[in-house]
Every structure is written in C-alpha cells, then in structure tokens.
Protein chains: 2
Amino acid sequence: MGELATLFGPKRVAVVGATDREGSVGRAITANLLADFEGDVVAVNPTKDEVLGLESHDSVGAVPDVDVAVVVVPPPIVLDAIREAAEAGIRDVVVITAGFGESGSEGARRERELRELAAEYDLNVVGPNSLGIMNTSVGLNATFGPENAQEGSISFMSQSGAFVTAVVDWANDRNLGFHNVVSLGNKAVLDESDFVREWGEDPDTDVILGYLEDVVDGRAFVESAREVSTDTPIVVVKSGRTEAGASAAASHTGAIAGSEEAYEAALDQAGVLRVDTVQDLFDFGSILAGQPLPERDGVAIVTNAGGPGVMTTDAVGDSDLSLASFSDDTVERFQDALPDEANVYNPVDIIGDAPVERFEEALDIALADPNVGAAVVLACPTATLSYEDLADSVVDLQAEYETPVAATLMGGSSARDANERLSRAGIPTYFDPARAVRSLDALREYREISRREYTEPETFDVDREAAREILESAARRDTNRLGVEAMGLLDAYGIPTPDGEIVDARADAVEAAERIVGASGEGDGDDADDDGDGEVVMKIVSPDILHKSDIGGVAVGVPPEEVGDTYEDLVTRARSYQPDATILGVQVQEMVDLDSGVETIAGMNRDPQFGPLVLFGLGGIFVEVLEDTTLRLAPVSEASAREMIDEIDAAPLLRGARGRDPVDEGSVVETIQRLSQLVTDFPAIVELDINPLVATPDGAQAVDVRLTIDQEQL
Amino acid sequence: MGELATLFGPKRVAVVGATDREGSVGRAITANLLADFEGDVVAVNPTKDEVLGLESHDSVGAVPDVDVAVVVVPPPIVLDAIREAAEAGIRDVVVITAGFGESGSEGARRERELRELAAEYDLNVVGPNSLGIMNTSVGLNATFGPENAQEGSISFMSQSGAFVTAVVDWANDRNLGFHNVVSLGNKAVLDESDFVREWGEDPDTDVILGYLEDVVDGRAFVESAREVSTDTPIVVVKSGRTEAGASAAASHTGAIAGSEEAYEAALDQAGVLRVDTVQDLFDFGSILAGQPLPERDGVAIVTNAGGPGVMTTDAVGDSDLSLASFSDDTVERFQDALPDEANVYNPVDIIGDAPVERFEEALDIALADPNVGAAVVLACPTATLSYEDLADSVVDLQAEYETPVAATLMGGSSARDANERLSRAGIPTYFDPARAVRSLDALREYREISRREYTEPETFDVDREAAREILESAARRDTNRLGVEAMGLLDAYGIPTPDGEIVDARADAVEAAERIVGASGEGDGDDADDDGDGEVVMKIVSPDILHKSDIGGVAVGVPPEEVGDTYEDLVTRARSYQPDATILGVQVQEMVDLDSGVETIAGMNRDPQFGPLVLFGLGGIFVEVLEDTTLRLAPVSEASAREMIDEIDAAPLLRGARGRDPVDEGSVVETIQRLSQLVTDFPAIVELDINPLVATPDGAQAVDVRLTIDQEQL
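Read on for a plain summary of the structure. Small disclaimer: the values here were computed from a predicted structure and weren't measured.

## Quick notes on the overall build of chain A
(1) Moving on: The number of helices and strands found in chain A is 24 helices and 30 strands.
(2) Moving on: Across its three principal directions, the C-alpha atoms of chain A cover 95 × 80 × 40 Å.
(3) Moving on: The proportion of buried residues among the 714 residues of chain A is 58%.
(4) Moving on: Counting every atom, chain A has about 27,800 Å² of accessible surface; 42% of that belongs to carbon and sulfur.
(5) Moving on: Charge centroids of chain A, computed over 50 positive and 137 negative side chains, lie 5 Å from each other.

## Side note on the interface of chain A and chain B
(1) Moving on: Contacts between the two partners involve 66 residues from chain A and, on the opposite side, 66 residues from chain B.
(2) Moving on: For the chain A and chain B pair, buried surface summed over both sides reaches about 5,200 Å², with 67% attributable to carbon and sulfur atoms.
(3) Moving on: Counting across the chain A and chain B interface gives 4 salt bridges.
(4) Moving on: Across the salt bridge formed by A:Arg241 and B:Asp318, the nearest N and O atoms sit 2.8 Å from each other.
(5) Moving on: The interface formed by chain A and chain B holds 20 residue pairs in polar contact (both at pLDDT 80 or more) in total.
(6) Moving on: Those elements that place two or more of their residues in the side of chain A that touches chain B are helix H5 (161–173), helix H8 (243–253), helix H10 (278–290), helix H11 (306–318), helix H16 (433–450), helix H21 (621–626) and helix H23 (651–654) of chain A.
(7) Moving on: Per-element accounting of the side of chain A that touches chain B gives the leading share, 10 residues, to H11(A).
(8) Moving on: Classifying every residue of the side of chain A that touches chain B gives 32 nonpolar, 19 polar and 15 charged.

## Some details on the relation of the copies chain A and chain B
(1) Moving on: Rotating chain A by 180 degrees about the axis while translating it 0.0 Å along that axis superimposes it on chain B, leaving an RMSD of 0.2 Å. Viewed as a symmetry operation, the transformation between the two copies matches a two-fold axis. No C-alpha of chain A lies nearer the rotation axis than that of A:Leu626, which sits 4.9 Å from it.

## Observations regarding empty space enclosed by the protein
All names here are of chain A.
(1) Moving on: Enumeration according to the criterion identifies 1 cavity of 30 Å³ or more in this entry.
(2) Moving on: For the largest cavity, the calculated volume is near 90 Å³.
(3) Moving on: Every residue lining the largest cavity is counted, 13 residues in all, and those nearest its centre are Gly483, Val484, Ser542, Ile545 and Lys548.
(4) Moving on: Mapped by element, the contributors of at least two residues to the lining of the largest cavity are strand E22 (536–541) and strand E30 (705–709).
(5) Moving on: Class assignment for the residues of the lining of the largest cavity results in 8 nonpolar, 2 polar and 3 charged.

## Comments concerning the environment of B:Gly132
Residues and elements named next belong to chain B.
(1) Moving on: Within the fold, glycine 132 resides in strand E8 (residues 132–135).
(2) Moving on: Classification of glycine 132 by relative accessible area gives buried; the value is 2%.
(3) Moving on: Between the C-alpha atoms of glycine 132 and glycine 200, which are 68 residues apart in sequence, the distance is 21 Å.
(4) Moving on: Once you skip the residues sitting within four places of it in the chain, glycine 132 turns out to touch Val94, Ile96, Ala142, Thr143, Val181, Val182 and Ser183.

## Observations regarding the sheet that holds strand E23 (residues 554–558) of chain B
All names here are of chain B.
(1) Moving on: Pairing is antiparallel in the open sheet, where 4 strands are placed in the order E21-E24-E22-E23. A single partner strand is all that each edge strand has here, and the edge strands are strand E21 (500–503) and E23. Strand-to-strand twist across the sheet, computed as the mean angle between neighbouring axes with direction ignored, equals 20 degrees.
(2) Moving on: For E21 and strand E24 (residues 585–590), the ladder comprises 4 bridges, and the chain directions are antiparallel. The partner of glycine 500 across the bridge, within E24, is glutamine 589.
(3) Moving on: Helix-sheet contacts for helix H20 (residues 563–577) involve E21, strand E22 (536–541), E23 and E24, and the interaxial angle to E22 is about 25 degrees.

## Focus on the nonpolar core
(1) Moving on: Core analysis: the largest hydrophobic core is formed by 102 residues, its most contacted members being A:Leu707 and B:Leu707.
(2) Moving on: Ignoring anything within four residues of it in the chain, the contact list for B:Leu707 reads B:Leu471, B:Asn480, B:Arg481, B:Leu482, B:Ala486, B:Leu489, B:Ile685, B:Glu687 and B:Leu688.

## Side note on the pairing of strand E13 (residues 234–238) of chain A
Residue and element names in this part refer to chain A.
(1) Moving on: With 5 of 5 residues buried, E13 lies mostly within the body of the structure.
(2) Moving on: Along E13, one buried face is formed by Ile234, Val236 and Lys238 and the opposite face, lined by Val235 and Val237, is buried too.
(3) Moving on: In this view, the connection linking strand E12 (residues 207–212) to its parallel neighbour E13 by way of helix H7 (residues 218–229) has right-handed handedness.
(4) Moving on: Pairing of E13 with strand E14 (residues 273–275), which is carried by 3 bridges, proceeds in the parallel orientation. Following the sheet pairing, valine 237 is matched in E14 by valine 275.

## Side note on the packing of aromatic side chains
(1) Moving on: By the definition in use, this model includes 25 aromatic pairs over all chains.
(2) Moving on: Judged by centre distance (6.0 Å) and plane angle (70 degrees), the rings of A:Phe156 and A:Phe163 are edge-to-face.
(3) Moving on: When its relative accessible area of 0% is taken as the criterion, A:Phe156 is described as buried.
(4) Moving on: Given a relative accessible area of 0%, A:Phe163 falls into the buried group.
(5) Moving on: Here B:Phe8 and B:Phe195 contribute two aromatic rings whose centre-to-centre distance is 6.1 Å and whose plane-to-plane angle is 70 degrees, an arrangement assigned as edge-to-face. Placement of B:Phe8 in helix H1 (residues 5–8) and of B:Phe195 in helix H6 (residues 192–200) is noted, with a sequence separation of 187 residues between them. Like B:Phe8, the residue B:Phe195 is buried in the burial classification.
(6) Moving on: What links up through ring pairs into an aromatic cluster is the set A:Phe156, A:Phe163, A:Trp170, A:Phe178, A:Tyr211, A:Phe282 and B:Phe431.
(7) Moving on: Positioned over the ring face of B:Phe100 is B:Arg110, at 5.9 Å from the centre of the ring.

## Quick word on the environment of B:Asp204
Residues and elements named next belong to chain B.
(1) Moving on: Mapped onto the elements of the fold, aspartate 204 is located in the loop between H6 and strand E12 (207–212).
(2) Moving on: Judged by its relative accessible area of 42%, aspartate 204 falls in the partly exposed class.
(3) Moving on: The sequence separation of aspartate 204 and lysine 187 amounts to 17 residues, and the corresponding C-alpha distance is 24 Å.
(4) Moving on: Each residue touching aspartate 204, except ones within four places of it in the same chain, is listed here: Gly152, Ser153 and His179.

## Details of the packing of helix H14 (residues 387–401) of chain A against helix H15 (residues 416–424) of chain A
To describe two helices that pack against each other, one gives the angle between their axes and the distance between the axes.
Residues and elements named next belong to chain A.
(1) Moving on: Following both chains from N to C, one finds H14 and H15 inclined at 15 degrees, their axes separated by 8 Å at the closest point. It follows from the interaxial angle that H14 and H15 lie roughly parallel. By crossing handedness, the relation of H14 to H15 is classed as right-handed. Contacts between H14 and H15 pair Tyr387, Glu388, Ala391, Asp392, Val394 and Val395 from the former with Asp417, Ala418, Arg421 and Leu422 from the latter.
(2) Moving on: By residue class, the composition of the contact of H14 with H15 is 6 nonpolar, no polar and 4 charged.

What counts, and at which threshold
- Throughout this description, residue numbers start from 1 for each chain and increase along the sequence as written.
- Chains and ligands are labelled sequentially in the order written, the chains with letters from A and the ligands with numbers from 1.
- Given that the model is predicted, a residue must reach a pLDDT of at least 70 before its local features are reported, and side-chain atom pairs must reach 80 or more before they are shown or counted; all residues, however, enter totals for whole chains, interfaces and linings.
- By convention in this description, side-chain values take in all heavy atoms of the structure and omit both hydrogens and water.
- A run of H or I in DSSP becomes a helix once it reaches four residues, and a run of E becomes a strand once it reaches two; helices and strands are each numbered from the N terminus.
- A 1.4 Å probe rolled over the protein chains alone gives each residue an accessible area, and that area as a share of the maximum for its type sets the label: buried under 20%, exposed over 50%, partly exposed in between.
- Using a 1.4 Å probe, the Shrake-Rupley method yields the accessible areas, and only the shown protein chains count as cover for residues.
- When charges are counted, Lys and Arg are positive and Asp and Glu negative, with His and the chain ends excluded.
- A charged residue contributes its charge at one atom only: NZ of Lys, CZ of Arg, CG of Asp or CD of Glu.
- The criterion used for residue contact is that any of the two residues' heavy atoms lie within 4.5 Å.
- Two parts lose some accessible area (1.4 Å probe) when they are put together, and adding that loss for both gives the buried area.
- When a carboxyl oxygen of Asp or Glu is within 4 Å of a side-chain nitrogen of Lys or Arg, the pair counts as a salt bridge.
- A 3.5 Å cut-off defines polar contacts: any pair of N or O atoms within that distance qualifies, except that in protein one atom must be a possible hydrogen donor and the other a possible acceptor, and neighbouring residues in sequence count only when both atoms are side-chain atoms.
- Any residue that is not Ala, Val, Leu, Ile, Met, Phe, Trp, Tyr, Cys, Pro, Asp, Glu, Lys or Arg is counted as polar, Gly included; the first ten are nonpolar and the last four charged.
- All copies are superposed by least squares; the fitting set is the C-alpha atoms of residues with a pLDDT of at least 70 in both.
- Here a cavity denotes grid points, spaced 1 Å and computed from the protein atoms alone, that fit a 1.4 Å probe unable to get out, and a pocket denotes an open set having protein on both sides within 12 Å along at least 5 of 7 lines; residues with an atom within 4 Å of a point are the lining.
- Grid points are joined across faces, edges and corners, and a volume is the space filled by probe spheres set on the points.
- Following DSSP output, two strands are said to pair if at least two bridges run between them.
- Under this scheme, a helix contributes an axis fitted over its contacting stretch, all axes are lines through C-alpha atoms, and angles between N-to-C directions fall in the 0 to 180 degree range.
- By convention a nonpolar core is built from buried Ala, Val, Leu, Ile, Met, Phe, Trp, Tyr and Cys residues, the set being connected through side-chain atoms within 4.5 Å.
- Throughout, right-handed denotes a crossover for which the path from the first strand over the helix to the second runs clockwise when the strands point away from the viewer.
- We call Phe, Tyr and Trp rings a pair once their centres come within 6.5 Å, taking the six-membered ring for Trp, and we label the pair stacked below 30 degrees between planes, edge-to-face above 60, and tilted otherwise.
- By the criterion adopted, a ring carries a charge over it if an Arg CZ or a Lys NZ lies within 6 Å of its centre and within 35 degrees of its normal.
- Just so you know how the angles are binned, under 35 degrees is roughly parallel, over 145 roughly antiparallel, 65 to 115 roughly perpendicular, and the rest oblique.
- Working rule for handedness: look at the near helix, and if it is turned counterclockwise from the far one by less than a right angle, call the crossing left-handed; if clockwise, right-handed.

Spelled out as structure tokens, the structure:
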C-alpha cells in the first residue's frame, strides 16, 4: 500500500458534523460507518450529546488516534474543522460538504484556501463535494449513498457522486464487488493520479475503473498510469468527448478542456483502456477482474446452436481476435466425441440435442488445443440441457485450464441461476454473444498493454543554440509567425531539408540557384536525364504572407535563365499584394521530385492540458479532406514514431503499394523523433507544421515549414 | 392480411405425427397447441388411438376443414403426408421434420421434391427443418420450443430455430411481446420476402425483426422490403458479415454467399435497419414498437445527476441526433421552476435533491419546447426520489405529448419495478444511457426511411444496338476481356470520353493525332497556352495485355512529330512482351488535364445474389489503398447517384476544397446513371471499370475502361 494506506485502512474515523437529523447527509454517513466498519466511529458535533448511540464530542481533537476525519459541516466552517483535525495530527480528510469550486467566486476562494491548508499540513484531502469513500475489506463506507458495495477486487473512482450510487446499486444486483470506491468530488487536493498510484501498489486491487470528466495534471496522470498499467489494468470513461459533451462537462464540474485528440493520445500512451459507455466500463472491468489474460488470439466457440454461433463468429471477425484453427488432433478428438451432424471445426456446433456431458467434453477438447487462447461457451435453452450443470462444468474447466472463458447462456429466467454461478466464479455472462467477444478482446488488448516496454526517447545531437538564435531573432523582429525563413531550425535539429537559401538581391538569387543546381548535379549524377534538371523553386519569404501560393508567391521549376526575373517578379507581387509587408527576401530551393515521393505532414501543437503533441499524416490536399493523421504526446520514441506510420490509412502508399518503390521509412521515423525533440526543447514553439514532408525512397525532405511562437516562453 | 392469413389465423390445426412419447417433438408441439390455441387441434397418427386426450386420426384427410397441417413425421414419409394434406384441400403446411437440404444429397433431393409438390398444389410451406410458428393473438404456438411468447406487436422471423427459443425465453422475462414468430428453417418454399410482404399488410404487426443468414432471392427481397419499410420498420441481423462468419453460415444452413458489400447496399436500399448485434435488434425493435417517431432531431436530457448527463450528451454527440437548444421561453420556465444551482440549459440538471415533482415539472417543460423531438429521462437513485412515482409520471407525460421518450433509471434492484412500469407502457429502459440515445437515434433513422420516396431511375436515350455490336464483336473474337477498344460502349451510352480513335497503321496514327489536336484546338481556343498543347496519349490495344502501363504500352504527352515513331514503338514493345498477343492497334487519345480534375472511379460488378452493383469512389492509387468507395444496386436513380457522391470521404475534393474549382457534379451523376443503364441492359457485362473517370469543372471524362463479359449471356 502507498501513501493513502491510512485513508483507506483507518482504525478510527471521526464524522465531523455527525447528526441524527432525519434525511441529513451527516446522519447517512454516520449510519453507513456504523453498519459494517471494523474500526471505531467517533461522532463530532458540539450541539449534540449523542448521535445514533455514539457519544458526541465537541471537537475532533477531543478523541485521540483518529485516522480519518469525514467533514460534513456547513461550508463556512469546513476550513476551521479541517485545521482543527490537522492540529490534532489527522492527515487524511474526506470533505463531503459542497459549496466550493463548483459554486461561484466565494466557493472558489474557499477551495483555494483548502488547497493551501492541505499544503501547510501535508494533508490527503478527498473532495470537497464528494459522496465519500469505501473500502469493503474493512467494511468502511464513509459515503452518504444508500448502499454499501460488495467485496471484490475492482477499485473505482468517479468524478460524479451520483454515478457512484447508481453503480453500487446496480453492481450489488449483479454480484459485482469492489475493493475501494472513491467519489473524487472537486479534486482540490487528491486527484485521479493519486488514486491510480495508490491502487497500483495495492495488492487487493486487480482492476482500476474510472469515470473522469477531466484530468487535473495531464503529464502527471500519463506518468502514473503508464507505470501502473503494465501490472494493473486501468479502464476509464473520459466523458466530454464530443463538443456538446465537453460543454456539458464544463458546466457540471468546471472540467478544464484539454482537446479530445490530446486525451485520446494521452490515455493510449498511458496504457489506459478507454471506453465510451458504462456498459463497456463494467464489462471490461469484470472480465479483467475475473479472468486470466489469453496467451494467444485464437478463440474457440462451443455451442449447441448454429445461428448464434454464426453471430459470435462475426463478432470475432469484428475484433482483433481470430477464430482458432484447431489442430488435426483436436479435430479427430471432436470427431470421436461428437455426433455425425456436429460441426467439428470452429465454431464447434455440438447440435441442439446436446446434454451437458457433450458440452463439457467439447469444451475440454477445445481448451486443450494449443491454438486456443480463449473460449466462448454459447448455449440456447433446450429440453436436454441443464444450464446450472453447464455452468458448473464451465467453472471447473476454466479453473483447470486457466484459459479465459466468457459465457452466453441465452434466455431469461431459465439462465438466471446459471449466470449467477458463473459470475460468482468470475466468468462473465451476457445475453448478447457480441459482448462476450468484445470483453475477451479487451483482455487481449490489455495483454498487449501489459507487455509494453517503455523506451526512453532517443536524444539526438543537435545544434540547440542555432535553433535558439533563430527563434530569438524572430522575437527581436517582434513576429510570432515564421515560415521558410525558419528552415534553419530544422537544419539545426538535423531534419533533412532540400538545399536552399534565402537571398535579398537579384544577383544573389542567380548565384544561389547556380550553386544549388551545381551541387545537386554533382551529388546525384544519374538524375541528369530527369525533367526539371537545372530548375529551382523560388518562394517569397515574409512573416506577413501566410498563404504564399495564393498570391503567386511561389514559382516552381524555374529554369536558370529565368531566376533573376522571377526574383523581381515575386518581390513585386508581394509588395503589390501587401505594401506594408515585411519582406525578408526570396528562398531559392532545390527541386524535390514529388513524383517518386509521397507528400506527408509532420507537425506539432501544444495542448493546454498535455503539452506538445506531435502529428504525422498523409499530406497535400488530403490532410484537410481525409484527415488521415495520428498524434502522440512528445517526446516520441523510435517505436512510437514507427507506430504512428502504421496507424495512418495511407501507410501502404509509403510501403510500395501499386508497384511503387517503398520510401525510406527510417528517415521519416527519425524526422518525427527530431521534431519531437525540437518542440520539447523549446516551449516557445506553440505550433509547427512541416508540410509537405516529402518521403521518397532516398529519404524524407522537409520542403516547407510554418510555426507560431510564444515570445514569453523564450 | 395477405396470402398467409390462414397460416397465421387457422381455425383448425392438425399435427401430422402427433404423439405422447416423452421428450418427442411431436408431443411438444401437440402440447403447445393444446395450451393456448383458440381453435381446434387435430392429432394425426395411425399408430395411436389417442394423443394427450385427443382422438388420433389415421389420416389428415379424415377430419374436415383443417386449415394448417404441422408435419413432424420422419423424413421419408414427409412428402406423402404433405400430398395427403394437399389432396384434402389444405394449403398451409409447417414442416418441422429435419433431414432435407441441410443433410446430404438424399436430403437435397427430398427438398427439391417438396418444392415441386408445393408448386403443384400451390402450397404455403414453412420449413422444412423449422421450429414452427406462433401467432399470439389466437394463442397459436405450433412450435416445439419450451415457452410461448407474450402478446405484442413485433413479428419476428429467424433462420435459426435455437435462436427463437432463446429470444422467447429472454423476451418473456422482460415483458417484450410478439405478434407472429416464424422459424424459417430451410426456406424451401416460403422465405423472408413472403413474411415481409405478409407482415407489411398485417395491421397487428408494428415492427418486423429478422435474423437471417442469407436471402433466397435478393432482388425480390429488396422489392418487398422497399414497399413495406416505409410503413412498417424492418430491423435485421444479417449474419455471416465477416469472412469467418460467412463460412460459419455456409456450414450452418448452407447459406449462399452474396458478397457482404452487396448485402450492405441492398439492405440499405430496401429501407432495412441493419444491426450487427442481438442487443441492437431488440433495443431497436422495442423502441420502434413502443414509441412514436421524433418529429425533429433535438433531444432533451432531464437528469438529477450531472456526470451521467455528460455521458448521455456524449452519446447524443456520437449519434445523428442533436442536443435540443431550448427556446428563451423554456429557459425562463426552467429558471422559475428549478433551484438556483440547477442547469437550465440542456442537459437539464435538476440537482440531486430533486423529488419526483421537480422531475415531472422539468420533463413537462422540456417536452413542451418546440425544438425538442425526443427526451431522455436520466436518474440516479437518491433518498428524495421514488423511481416508481417517476416511472408513472414519465408514462403520463409521454402519452400526453406523444413525443418519444427513453429512460435510464440507473441502479439494480431499486430500479426494477419502475423499469417494469415503463417498459409495459412501451418506454424502453436501459442501465447505460448510451443505449437509450442509440435507440432514439434508430427512431430518427427509421423516420428518414419512412419518408423515402422511391423514384424510378431515368432511362436515357442511348444507342443500344451499337453497344450490342461491340460486345458481339468481342464475342466473335472469342475474348472475355475488353479494354480501350470498348470505349465505343461508353460513347453509345452517352458517357463522355476524350476524343480518340483506334488505328492499326502508322500513317493512320499520325492522321488521327492531327485530327484530334485540331479538333480540341478549335473547340477550346483559350487552352492554346497550356502545356501539352498539341500532344496526345497513345495506348496499345490488346485484349491479351491487361496492365498496359507495366509493359510500357502507354505513352503520355506525345508531341505531333513523335506520333509515328511512338506507334511503331508501342507495337514493338507489345510484340516482344507477348509474341502471340492479339494486337488490335493503338489508341490515339486527346490529353485530359488531370491537374484541374479529380481522378474518380465508376464501375460495376455482378453479385450472384443481387445482380449488378454500381460503384463510385476516389480513383487513382487511392482506390486500392484508401478504398473510399460506395455501392448501389443497379438501376441507380439520379437521387441515388447524388447520394453516392455524398458518401465518399473525398467528396469535398469534388466540391472545391482548398480553393479548387468545384467539378461538374451533374456530369458525374449522369455518368453513374448511364453506366447503371448500360450494365442493366447487358447482363453479359460481368464486370466493368471506368478508371479513371476524371471529374473536372467542365464535366466528367471516362479516360480508360476495362470490362469482362460472359458470352453465354449475349
């Protein structure tokens, strides 16, 4: 157990504000504590002599050795009550009282003071505005909810107290137990990262579930969760995913809006299984708590009903699992054991007249197959089959093979008892076989997370000072937006760019073009026959002109003899377009062969909650229309950069689809990593796009760049 | 009622093969019929005197006026029994007996004979290999399942008998009723199309649900379903969606494999709500049976719990519904009615201490708002709220406003009674609010289907004879694959193609190029400055060379002076690549400006089950990699062709994304329609691809074509 060991495992709990007034929160908490708690309960209320049979004390300091103070006094005296508890040596406090950050400026001030008080005395504070906490293993129910949870190995935190009451009521009905339950309230002091860390060290917690509307400290959460999630699965509903949902969350708990894309990337990198619905949260939580992880992806389906078998097979097809292909030996064993009409291949159809013995034998054979990593037991009610006996057989075989099993005993009342037997043994049951498969697939997904190895992102040798100088010179010009004039930033960080330079005179342009063409001719002699040999690209360079192409500020394929005139032309166009524009010059750039390459984009934006996010995707006009992009929190390791390429739909284009030469993927991967290092090194870079990053068989080249900086951060 | 009125509403039913043998199917059916059926039950079994208290007759002809014969005799005497029934004037037969098409060649022969017998006597035959049929309104349970269904307005057909027993058991537990239930069995005579038609005419059926593994006659099903679905919703699980699922279906019922893409397009065009899971099938079926359709898309959420309110809002964001924006008047009414801490905007949070009266008032105000088309009532259990009273209020208000409502009273046992009250009144309830929203969205989707107007596809004036001549000349050459030599097919059907001709001599090539360039110069004078003016494209024409580019058989941008040499060159290359290839000549074609256009693809393939399917999508290398395509069964109307363009992800590229000129969409639409007419007119065309179909602001142009023909069909 970690730093919150006392909070969840107290010997003595004081209710500050205990009362016996009917319908009051103070009474509900006191009664809930008195019901099952193995330790002492102390009532504190100076206006009472006795509360529900307990002596009532004037002050929390009046009783020695109180471990946890649960505070339910009115808002104006909460801080005094906590200070008194802290002075008495109490370090763990649950603040039930509302009327803090969630309600106006007075409340916000009170919450700030609460935070300061906690820092002063080094307090662990849950809430304020919390329903309370539970620890079923010591009978601790310090909430004002109507029901206590059953014992189990799931620990659950929720940013909604009402949701806690609903979940506990529902879970009790389904024999689903919890170890700890926390209503997070306003998260003034303790937040999701603290509980993730705590439960990660807690041997009684097998699965962590969360309902979150925001994350207080994005980076801290990712770090804690990443460490915990390889050993303990974390499943989270992060609501406010949609625009409407985010605005509802803001009005509900004042949730801070990190972008949905950032949450998506962050939770994924943290190894959190993110789900969208309450059903998935508890389906996934239950199976992770009750079943082992599958060692392989093949699923065996054993059924007495062909039609539902087909539906289950479709569900496997929809998942990242596969239908197990049985060994010859297994098929033979099925042939010996089953009637002629049976299907001895997967899904195994043991036919409608199957008694429980046939089901048991078939499941035994299936689980023994070396290709089977998980099984679905799927039955329809028949006159020859006892669901209860089937449940017992399944429980025994699952325990024998230690292979994950999910069950679908279809039906209503006829399946109730059997389903209870199964779920008490940790085998999840569903009416819809698609949910059974989906849950098994969650086991597979978590298996992959549990095998993740975190590699520190590589640090490349770069010229950080040169990069700083470019950013500072932009700041000196008092400009926040940079274009091709910032190509030097990329050079400084070793990101390949086409040969090019920025000139501010006609003669220099001609000279630059000659040098560039000469150099590329030398370096790459076999290009001599190509079209466009000797030609360059020229672009106007001005911080005030963002869309260069739109004003005719870009000339492609300029032959040597036209470089001088084109220089004049570009400058004239820019001046006439915007007479007061600062014109830094014209960039003369080597031609990049787009025909053999694929236009991609590599970029970054900075999320208020999670910091720099690196983007990679298909470039050109497809970026906007098809949005084939993927994101990672920086810093990005080599493995992550490779995954980013895997994730875009257009990945086959980079890998030689349609007889093209595959591009140099390593060069793209390194560019993503170097970009990640650049934006991590300079918090002043708020946004950056390399568009296009042309990926060719000979390497990646950053052809154009655009960025926004925040001078304050320099 | 339609042609099957007697089948579902008989006065007298005979069980041919009735018996009292324990555990037999004959006994189960006789007992089920005796349990609730309002009409007479007749037992037929020459080896018995009495069966379950009924006099047993030697022959079905021995009792007059039998309406339906349910046949459970052994396979070898099924046909005799049916003939006897037919001779006695019975027209409606349910064949329970298995051992037909599903089991070997003997069975297949027997099934063919059954079909012939049915045709001879004009019989309505359900099965064989069926669990039987039910009609709850006359207490008819002619199945051997363990339970009879409750009365309701859903009619359900299933290609799996086991699934019927599971569903009835489950539905009885949830007070979900059925009107008719049919286990389709092998569908030797009556199939899904017959029951769709029947139930479409049946005033007691509000919703049609189906579990199907295949469709016997694709086109017939689409036609029946399209007619029925505007008045009666049809919700179907068509299993075998995935490759694994399809092969499982084939081994289960010998389902014929139409392609998944064809099913998807066909069910959509038929107005069928296709679902993938058992849960969606019954969620959607229940709400369609119990609630009216929403008149608008705005949803009001009324809740006593903020967190679940946020999750519900996310679910609305995921759907095609929207969060209703309340009128000023509504907001004022909420402000007057609710406490200060309440959220008077959507989702309406009436705060955790809300009693039922506050819930009722808030729901009343929400339902009265002119922007609200549907409502979600969302509650967490609290000390101040009675779920039962809330249920009663919701039932009353829903009835008063006739606006669809779905409920999520979260919790387990505490919500059970309330949920029962709601579901008995047709208001669906779910623990997970996402399901409530998903179900309301299904109402919206069906509303759109109910408003569909079918328009006959347009018939264009085309040169059918010219097209036939091209196909026949290919057949005379004994070739099945055609390339550019078939451009004339497109011309004959008025699909725009670039100017071009096929020549078989060097001099003709030069002449053709001169003519083409001259014509395009004349017609489009302002192109004179363009690059490529005067150039042509040249392609080898050979039915034996499919991938022309791969062997250097295509030359783009050939200037006038090189046309002659290029002709020789192309022919030489083709000969050296494949000496025995039939070379029809060289196509000389006008250059099409790809820069201002978007490469799309329009094509067709013929599905074994559904006939010609027309495809449209993004072309070029993206066809293979991004698969951004959509399909329709031919013939395709103008409205459908427009929808096809809407459906591809790249549609914005055609509509002027990134400052491009929008392409001539009308020309693309007409090309799709004309292609549809071509492939409908000529069943000999098995496959056809126009790739690329270049869409430009000036119109669409079919630049290349490839097709496969079946000479037998000419």
